[in-house]
Amino acid sequence: MKRIFATIGMLALLSWAGHSQNRLLVDASAEGPEISKYLYGHFAEHLGRCIYDGIWVGPGSAVPNVNGYRKDVLEALKALNMPVLRWPGGCFADTYHWKDGIGPRDRRPRIKNVFWGGTVEDNSFGTHEFLDLCELLGCDAYISANVGSGTVEEMVDWIEYMISDDDIEMANLRRQNGRDKPWNVRFIGIGNESWGCGGNMTPEYYADKMKQYGSYVREYARDKMVRVGCGANGEDYNWTRVLMDKAARNMEALSVHYYTIAGPGWNNKTAATGFGEELYFSGLKKGLRMEELVTLHSQVMDQFDPRKRVGLYVDEWGIWTDVEPGTNPGFLFQQNSIRDALIAATTLDIFNRHADRVKMANIAQTVNVLQAMILTRDDKMVLTPTYHVFNMYKVHAGGTLLPVSFLSEKYSLGNESLPAVSQTVSRDASGKLNVSLSNIHASKAMKVLLELSGKTVARVTGGTLLTAPAFNSVNTFENPSLVSPVPFRDARIVSPAVLEVTLPPRSVVTFGLE
Ligand code: AHR
């Protein structure tokens, strides 16, 4: 049935190809893979002002807070229905000794954060503060264990401290520190970037480490925890191959990290603001490379795991630009524009399309670092354009991905072209369809003809549009709502199974079909 739909769809699309219009055929009754809610995950590291200032100000702060967590940020994050939060790093994780972060806060040791600005970390945000935060947010916890400079013993002590309900030393230590019942900790990462800041290991050496650490997670956590192997740096497919070959049986997921650099390279990432159309285009183009990366890593995984038991987790992704002028270069504080929101939307579309293998993704990072959801200054907060995309896309979490045939016009600049329109169509548990469409063209509106089979439509619901006056517009503390969602009314029902949708330039829209 699926193949027939694809063939008819392709023929219909080819006959349309001469027309300059975007055409989306959706098989509304088909059964695609479930879009894991964890694709909409987040990441918070002890880096710059992400944890301290961004999330945690401490109970004595003048900034309004709930037990030390910023009230404004907490409320904004709750609204996103965050499914999972990864912590404490990043590179920081492989220097983190969790016992530094428990017990009375004024007696916790002070350490140097060697990776991020050399600042003094007072450990006032530790295991209790993180896991209580996850409970407040109603999200799953994803702990990155220290493999680079830690031990197996340290990791299993941490596991027992967090999840054991027995009358044993570590669980009793937790009780002494004020928490009687264990927390629910679903995910554990075995090291972070072990090919780089996490110990500069070869894949063969790391595969042995993974097996060793993974064995003891299994013994101590049984099936309560998902073991995430540290994955490749971008296109390092050999890393994935070696890990799948040697250690697939000792993990439930393997990660990969990929950052979008709009500029020529790591030494010239270019600014987050004030850029011209070339950098707008190249940022989007480099973001779209995620398609190739997840396709090729998935192909390698398929060779060893055709049943797709091991999930691919893109547990760090997003655009990485130069820091804002005048800020600490080690703090990675950058602005966030409509370009970045479009990178988020097109990347989430890619993850959704690969929902059969990609089971988690964590954008870097939650507050004040890299492609953040939120920027803070003193007691003020700004929601970034990327925040709004996550808020719009949450309707797809846990839905069924619907197969489509799709033809998009091009967005060309110089000699290069990109598909102008990107899409996700899913069906939720109630049978409602949720559609997201983005138009990355800097200056041209796009009409999309959406045709359904297997369903007719009586009404369009909850339409939301995110666009901006210019392709480099940002929200600032002075003008925090310049790039904000507004109601979208340009999805017109032409006949019960056909809609015409008009997308403004540089825009993301989401709407429901009932
Ligand atoms: O997110 C910032 C850093 O990027 C992380 O600490 C590291 O894992 C990656 O290189």
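Calculation rules
Residues numbered from 1 in each chain as written. Predicted model: local features only at pLDDT ≥ 70, side-chain atom pairs only at ≥ 80, totals over all residues. Heavy atoms only, no water. Helix = DSSP H or I, 4+ residues; strand = E, 2+ residues; numbered from the N terminus. Rg over C-alpha atoms; globule rule 2.2 N^0.38 Å. Buried < 20%, exposed > 50% of the residue type's maximum accessible area, 1.4 Å probe, protein only. Contact = heavy atoms within 4.5 Å. Lys, Arg positive; Asp, Glu negative; His and termini not counted. Charge placed at Lys NZ, Arg CZ, Asp CG, Glu CD. Core = buried A, V, L, I, M, F, W, Y, C linked by side-chain atoms within 4.5 Å. Pairing = 2+ DSSP bridges. Axes fitted to C-alpha atoms, helices over the stretch in contact; angles between N-to-C directions. Near = heavy atom within 4 Å. Polar contact = N/O pair within 3.5 Å; in protein donor to acceptor, adjacent residues only side chain to side chain. Areas by Shrake-Rupley, 256 points an atom, 1.4 Å probe, with all protein chains shown as cover. Nonpolar A, V, L, I, M, F, W, Y, C, P; charged D, E, K, R; others polar. Phe/Tyr/Trp six-rings, centres within 6.5 Å; stacked < 30°, edge-to-face > 60°. Lys NZ or Arg CZ within 6 Å of the ring centre and 35° of its normal. Expected span 1.5 Å × (residues − 1). pLDDT = per-residue confidence, 0-100.

### Quick look at the overall build of the chain
Phase 1 of the analysis: Each helix and strand counted, the chain has eleven helices and 27 strands in total.
Phase 2 of the analysis: Against the 2.2 N^0.38 benchmark of 24 Å for 514 residues, the chain shows a C-alpha radius of gyration of 23 Å, consistent with a compact globule.
Phase 3 of the analysis: Principal axes of the C-alpha set define a box for the chain whose edges measure 70 × 50 × 45 Å.
Phase 4 of the analysis: Within the chain, the proportion of its 514 residues that are buried is 59%.
Phase 5 of the analysis: Excluding contacts between residues fewer than 6 apart, the proportion of contacts in the chain whose partners are at least 24 apart in sequence is 75%.
Phase 6 of the analysis: Charge centroids of the chain, computed over 53 positive and 57 negative side chains, lie 4 Å from each other.

### Thoughts on the nonpolar core
Phase 1 of the analysis: Within the largest apolar cluster, 146 residues are counted, with the highest numbers of intra-cluster contacts made by Trp317, Phe351, Leu437 and Phe511.
Phase 2 of the analysis: Take this core: its biggest share by element is nine residues, from helix H10 (residues 338-353).
Phase 3 of the analysis: Here Phe511 is in contact with Leu433, Asn434, Val435, Leu437, Leu450, Val460, Thr461, Gly462, Gly463, Phe488, Ala491 and Val501, once residues within four sequence places are set aside.
Phase 4 of the analysis: Counting residues in each nonpolar core, the second largest holds nine residues, with Tyr38, Val226, Tyr313 and Met360 among its members.

### As for the sheet that holds strand S21 (residues 433-439)
Phase 1 of the analysis: Sheet architecture is open: six strands sit in the order S16-S20-S21-S27-S23-S24, paired in antiparallel fashion. The sheet is open, and its two edges are formed by strand S16 (400-401) and strand S24 (486-487), each paired on a single side.
Phase 2 of the analysis: Packing against the sheet, H10 makes contact with S16, strand S20 (421-427), S21, strand S23 (460-466) and strand S27 (507-513), and its axis sits at approximately 50 degrees to S20.
Phase 3 of the analysis: Relative to the sheet, helix H11 (residues 385-393) contacts S20, S21, S23 and S27, its axis offset from that of S23 by approximately 165 degrees.

### A closer look at the sheet that holds strand S17 (residues 404-407)
Phase 1 of the analysis: Within the open sheet, the five strands sit side by side as S17-S1-S22-S26-S25. Their pairing is mixed. The outermost strands of the open sheet, each flanked by one partner alone, are S17 and strand S25 (491-495). Strand-to-strand twist in this sheet, taken as the mean axis angle between neighbours without regard to direction, amounts to 20 degrees.
Phase 2 of the analysis: Inspection of the sheet shows strand S22 (residues 446-453) paired to strand S26 (residues 498-503) by six bridges, in the antiparallel sense. Bridge pairing in S26 places Leu449 opposite Glu500.

### Notes on the site of the ligand
Phase 1 of the analysis: As a matter of local geometry, the ligand sits amid 13 residues, with Glu45, Cys91, Glu193, Tyr259 and Glu316 nearest to it.
Phase 2 of the analysis: A distance of 2.8 Å is found between an oxygen atom of the ligand and a side-chain nitrogen or oxygen belonging to Tyr259.
Phase 3 of the analysis: For the ligand, whose accessible area on its own is 280 Å², the fraction buried by protein is 93%.
Phase 4 of the analysis: Classifying every residue of the shell around the ligand gives seven nonpolar, three polar and three charged.

### Digging into the packing of aromatic side chains
Phase 1 of the analysis: This structure, assessed with the given rule, holds 23 aromatic pairs.
Phase 2 of the analysis: Judged by centre distance (5.2 Å) and plane angle (75 degrees), the ring pair of Trp56 and Tyr69 falls under edge-to-face. You can see Trp56 sitting in the loop between strand S2 (41-43) and strand S3 (65-66) and its partner Tyr69 sitting in strand S4 (residues 69-70), a full 13 residues away along the chain. Each member of the pair, Trp56 as well as Tyr69, carries the same accessibility label: buried.
Phase 3 of the analysis: Centre to centre, the rings of Trp87 and Phe130 are 4.6 Å apart; their planes meet at 15 degrees, and the pair counts as stacked. With Trp87 in strand S5 (residues 84-87) and Phe130 in helix H3 (residues 127-137), this pair connects stretches of sequence that are 43 residues apart.
Phase 4 of the analysis: Under the relative-accessibility criterion, Phe130 is labelled buried at 1%.
Phase 5 of the analysis: These aromatic residues form a ring-pair network of at least three members: Trp56, Tyr69, Trp87, Phe92, Tyr96, Trp98, Phe125, Phe130, Trp158 and Tyr161.
Phase 6 of the analysis: Lying over the aromatic face of Phe43, Arg86 brings its terminal NZ or CZ to 4.7 Å of the ring centre.
Phase 7 of the analysis: Over the ring of Phe275 we find Arg339; its NZ or CZ atom is 3.9 Å from the centre of that ring.

### A few points about helix H4 (residues 152-163)
Side chains that are three or four residues apart share a direction in an α-helix, a result of its 3.6 residues per turn.
Phase 1 of the analysis: Between its first and last C-alpha, H4 extends 16 Å over twelve residues, near the 16 Å set by a 1.5 Å rise per residue.
Phase 2 of the analysis: Counting buried residues in H4 gives eleven out of twelve residues, a clear majority hidden from the surface.
Phase 3 of the analysis: Contact partners of the buried residues in H4: S5, H3, strand S8 (140-145), helix H5 (169-176), strand S9 (187-190) and helix H6 (203-221).

### Quick word on the side chain of His42
Phase 1 of the analysis: With respect to the helices and strands, the residue His42 is situated in strand S2.
Phase 2 of the analysis: Not counting the four nearest positions on each side in its chain, His42 is found in contact with Leu80, Met82, Val84, Leu85, Arg86, Ala361, Asn362, Ile363, Thr366, Met373 and Phe390.

### Observations regarding the environment of Ala232
Phase 1 of the analysis: Checked against the element boundaries, Ala232 lands in strand S10 (residues 226-233).
Phase 2 of the analysis: Separated by 37 residues in sequence, Ala232 and Trp195 place their C-alpha atoms 7.8 Å apart.
Phase 3 of the analysis: The contacts of Ala232, once residues within four sequence positions are left out, are Trp195, Trp239, Thr240, Ser255, Val256, His257 and His297.

### Quick look at the pairing of S21
Phase 1 of the analysis: Burial analysis of S21 places seven of its seven residues in the buried class, the great majority of the element.
Phase 2 of the analysis: In terms of strand pairing, S20 meets S21 through seven bridges, oriented antiparallel. Residue Thr424 lies in a different strand from S21, and its bridge partner there is Ser436.
Phase 3 of the analysis: Between S20 and the antiparallel strand that follows it, S21, lie five residues; Gly431 among them carries a positive phi value of about 95 degrees.
Phase 4 of the analysis: Across seven bridges, the pairing between S21 and S27 is antiparallel. Across the sheet, the residue bridging to Ser438 is Val508, located in S27.

### Points about the confidence of the model for the chain
Phase 1 of the analysis: Confidence in the prediction for the chain averages 95 pLDDT; 96% of positions are at 70 or higher.
Phase 2 of the analysis: Confidence drops under a pLDDT of 50 for residues 1-19, and excluding neighbours within four residues, the segment shows 23 contacts in the predicted structure.

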